[in-house]
Amino acid sequence: SELEQFECVELTGRYEESDIGRIVRENPCDFAFLPSVWPETYSYTLDIALGLGIHPVCFDIGAAAQRLKRFEVGTLLPLDLVY
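Because the structure is predicted, anything quoted here is derived from the model rather than measured. Numbering of residues begins from 1 in every chain and follows the order in which that chain's sequence is written. Only residues with pLDDT of 70 or above have their local features reported here, since the model is predicted, and side-chain atom pairs are shown and tallied only from 80 upward, although totals for entire chains, interfaces and linings are computed over all residues. Water and hydrogen atoms were dropped before computing side-chain values, which therefore reflect all heavy atoms in the structure.

Visitor: I'd love a proper account of the overall build of the protein, names of residues and values included.
Guide: In this description a helix means any DSSP run of H or I spanning at least four residues, a strand means any run of E spanning at least two, and both kinds are numbered starting from the N terminus. Counting its secondary structure elements, the protein contains three helices and three strands. Listing each helix as α and each strand as β along the protein from the N terminus yields α-β-α-β-α-β. Each principal axis of the C-alpha atoms in the protein carries an extent, and together these give about 30 × 30 × 20 Å. Note on classification: 1.4 Å probe, protein chains only; a residue is buried when its accessible area is under 20% of the maximum for its type, exposed when over 50%, partly exposed between these limits. A buried classification covers 25% of the 83 residues belonging to the protein. A separation of at least 24 residues holds for 28% of the contacts in the protein among residues at least 6 apart in sequence. Using a 1.4 Å probe, accessible areas were evaluated by the Shrake-Rupley method; residue-level cover was limited to the displayed protein chains. Carbon and sulfur atoms make up 53% of the accessible area of the protein, which totals about 6,400 Å². Charged side chains in the protein number 6 positive and 14 negative. The centres of these two groups are separated by 8 Å. Residues count as neighbours in contact if any of their non-hydrogen atoms are within 4.5 Å of one another. We score Asp and Glu as negative and Lys and Arg as positive, and we do not count His or the chain ends. Note that the charge is assigned to NZ on lysines, CZ on arginines, CG on aspartates and CD on glutamates.

Structure, rendered in structure tokens:
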């Protein structure tokens, strides 16, 4: 994977949802990047990040962005960064 070239990135591989809390405790995260570039209607990954107290970062589109704005948490990136 191209991500392996970065020292600050650790790939954990496949996991079961029930293992997420343990994986995050063993591999502390500075933020959760949710790179969706289409207007999703819901984001379970955002639920997990918020539930674990991880700072979410996503593009300003769709339900995830709406929720970050409503709860005044996380970081929104302009969608034009993608194009």
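After presenting the structure, the write-up continues.
Visitor: Provide a residue-level description of the side chain of S36, including the pertinent values.
Guide: Here S36 lies in the loop between β1 (32–34) and α2 (44–51). Whenever a nitrogen or oxygen atom comes within 3.5 Å of another N or O atom, the pair is scored as a polar contact, on the condition that within protein one atom can donate a hydrogen and the other can accept it, and that pairs from neighbouring residues in sequence are kept only if both atoms are in side chains. In terms of polar contacts, S36 uses its side chain to reach the backbone carbonyl oxygen of W38, at 3.1 Å. Discounting residues that sit within four places of it in the chain, S36 has contacts with F59 and I61.

Visitor: With reference to specific residues and values, describe the packing of aromatic side chains.
Guide: Aromatic rings from Phe, Tyr and Trp, with only the six-membered ring used for Trp, were paired whenever their centres fell within 6.5 Å, and each pair was classed as stacked if the ring planes differed by under 30 degrees, edge-to-face if by over 60, and tilted otherwise. In this structure the tally under the stated criterion is two aromatic pairs. Plain terms: the ring middles of F33 and F59 are 5.9 Å apart, the flat faces sit at 65° to each other, and that makes the pair edge-to-face. You can see F33 sitting in strand β1 and its partner F59 sitting in strand β2 (residues 56–59), a full 26 residues away along the chain. Residue classification places F33 among the partly exposed residues on the basis of a relative accessible area of 40%. Classification of F59 as buried rests on a relative accessible area of 8%. Over the aromatic face of Y42 sits the side chain of R67, whose NZ or CZ is 4.7 Å from the ring centroid. A ring is scored as having a charge over it whenever the NZ atom of a lysine or the CZ atom of an arginine sits within 6 Å of its centre and within 35 degrees of its normal. Just above the ring of F71 sits the side chain of R70; from NZ or CZ to the centre is 5.2 Å.

Visitor: Can you break down the packing of α2 against helix α3 (residues 62–71) residue by residue, with the values?
Guide: Axis lines are fitted to C-alpha atoms, over the contacting stretch for helices. Their N-to-C directions set the angle, which ranges from 0 to 180 degrees. Where α2 meets α3, the axes come as close as 10 Å, and the angle between the chain directions of the two elements is 30°. By the angle between their axes, α2 is roughly parallel relative to α3. Across from L46, D47 and L50 in α2, the residues of α3 making contact are A64, R67 and L68. The residue classification treats Ala, Val, Leu, Ile, Met, Phe, Trp, Tyr, Cys and Pro as nonpolar and Asp, Glu, Lys and Arg as charged. All others, Gly included, are polar. The residue makeup of the contact of α2 with α3, split by class, is four nonpolar, no polar and two charged. Each angle is binned into one of four classes, with values under 35 degrees roughly parallel, values over 145 roughly antiparallel, values of 65 to 115 roughly perpendicular, and all other values oblique.

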